[in-house]
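Given next are the chains, with one letter for each unit.
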Amino acid sequence: MTEKHIVLEDIDPVVFYGVGNNHLQMIKALFPKLRIVARDNVLRVIGDSDQMLHFENCIEAMRKHVLKYNSISEEDILDIANGRKTKDDAAKDVVVYSISGRPIKARSENQQKIIDAFEKDDMIFAVGPAGTGKTYLSIALAVKSLKEKQAKKIILSRPAVEAGEKLGFLPGDMKDKIDPYLQPLYDALEDMIPAVKLQDMMDKHIIQIAPLAFMRGRTLSDAVVILDEAQNTTTAQLKMFLTRMGWNTKMIITGDMTQVDLPHEINSGLRTAMRILKGVEGISFIEMNKTDIVRHKLVTRIVNAYESYDKEKEQSYAKRRHSESEQTD
């Protein structure tokens, strides 16, 4: 008789055991010579030593399957137990899988450029209009690095730019005040990591989400660090953020220069950084456009309409300035 304790690392045991423990019951039926007791993420197994070895190999294969796909089916369990291949691992260019098993991968040429740049360089600027998937894809790359143990943590940040309401007048403590600014980052993470596992990773500070002001004084090492909405940083803020970079760290900076919420007299730090850092070795710049928009088709039309409006506004302003100049002369 042999006894083993197997820890289901890096996955949500609820997904592994199945609804009503149906996956666990199937596993028990497939290994009748073993007594299997599950407690949280630990399996206590007692029984035949020969079947134990096969059981350990199968459980590890199932764990890796859940880690990759965020799901496992009864068919997958049977395939693994019988030594057959499961899902088609040849699904091309998949970054990670969503919690529903949907493959997340590049959906445009410029999105693929972000993926390629992430492999090649340690700092990436991805700039473009709303709906081009900059933030979502960046977080997918960070989650992949974490799962493959290329990084020890993910750090996500945004500038908490006030738009209409002062932070001090919003209800709640500091976390309650800043969470609305960070919600888009939570949304993306919740689509890629099961809720229980995500909460555990946040509790252990493996995944950290914080406003930009909280970055001062830190050195960010062994991490994938993402700064979202960087168009709303000042030059000093963005310089501060970029110089937090430590060893074995990759940084992705995303922004949309058409949605600057800073006061008119303050220059966007993103625009300044792109001008200053252009040509610096180890930094990639990917400029996305409306052809990369992957949201509802109306988003493209809205972007087009605003572009036309802005052009008309600029032309009108130029004409007015020219007319004023002629009158002065």
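To start, this report covers the structure provided alongside it. Worth saying up front: this structure is predicted, and the values here are computed from it rather than measured.

1. Observations regarding the pattern of salt bridges
At step 1: Taken as a whole and assessed by the stated rule, the structure comprises 12 salt bridges.
At step 2: Put simply, Glu56 and Lys4 hold a salt bridge, and the shortest N to O gap is 3.0 Å. Of this pair, Glu56 sits in helix α3 (residues 49-69) while Lys4 is found in strand β1 (residues 2-7), placing the two residues 52 residues apart along the sequence.
At step 3: The class for Glu56 is partly exposed, based on a relative accessible area of 26%.
At step 4: Of the charged contacts, one joins Glu60 and Arg63 as a salt bridge, the two residues approaching to 2.9 Å between their closest N and O atoms. With Glu60 and Arg63 both in helix α3, this residue pair falls 3 residues apart, about one helical turn.
At step 5: Within the structure, one salt-bridge network assembled from shared partners comprises Arg158, Asp228 and Glu229.

2. What to know about the pairing of strand β2 (residues 34-39)
At step 1: Examined bridge by bridge, β2 and strand β3 (residues 42-47) share 6 bridges and lie antiparallel to one another. Among the inter-strand pairings, Leu34 is bridged to a residue of β3, identified as Gly47.
At step 2: Remark: 2 residues form the turn of the hairpin made by β2 and β3, two consecutive strands paired antiparallel; Asp40 in that turn has positive phi of roughly 55°.

3. Quick word on helix α4 (residues 74-81)
At step 1: Among the residues of α4, those classed as buried are Asp76, Ile77, Asp79, Ile80 and Ala81.
At step 2: Tucked into the core, α4 has its buried residues touching α2 (22-30) and α3.

4. So, the packing of aromatic side chains
At step 1: By the definition in use, this model includes 4 aromatic pairs.
At step 2: An angle of 15° between the planes, with centres 5.0 Å apart, marks the rings of Phe125 and Phe285 as stacked. Of the two residues, Phe125 is situated in strand β6 (residues 123-127) and Phe285 in strand β11 (residues 283-287); the sequence distance between them amounts to 160 residues.
At step 3: Look at Phe285 and you get buried, because its relative accessible area is 19%.
At step 4: The side chain of Lys250 reaches across the aromatic face of Phe118, ending 5.2 Å from its centre.

Rules and cut-offs
Residues numbered from 1 in each chain as written. Predicted model: local features only at pLDDT ≥ 70, side-chain atom pairs only at ≥ 80, totals over all residues. Heavy atoms only, no water. Salt bridge = Lys/Arg side-chain N within 4 Å of Asp/Glu carboxyl O. Helix = DSSP H or I, 4+ residues; strand = E, 2+ residues; numbered from the N terminus. Buried < 20%, exposed > 50% of the residue type's maximum accessible area, 1.4 Å probe, protein only. Pairing = 2+ DSSP bridges. Contact = heavy atoms within 4.5 Å. Phe/Tyr/Trp six-rings, centres within 6.5 Å; stacked < 30°, edge-to-face > 60°. Lys NZ or Arg CZ within 6 Å of the ring centre and 35° of its normal.

Function cannot be inferred from these measures alone, as they are strictly geometric.
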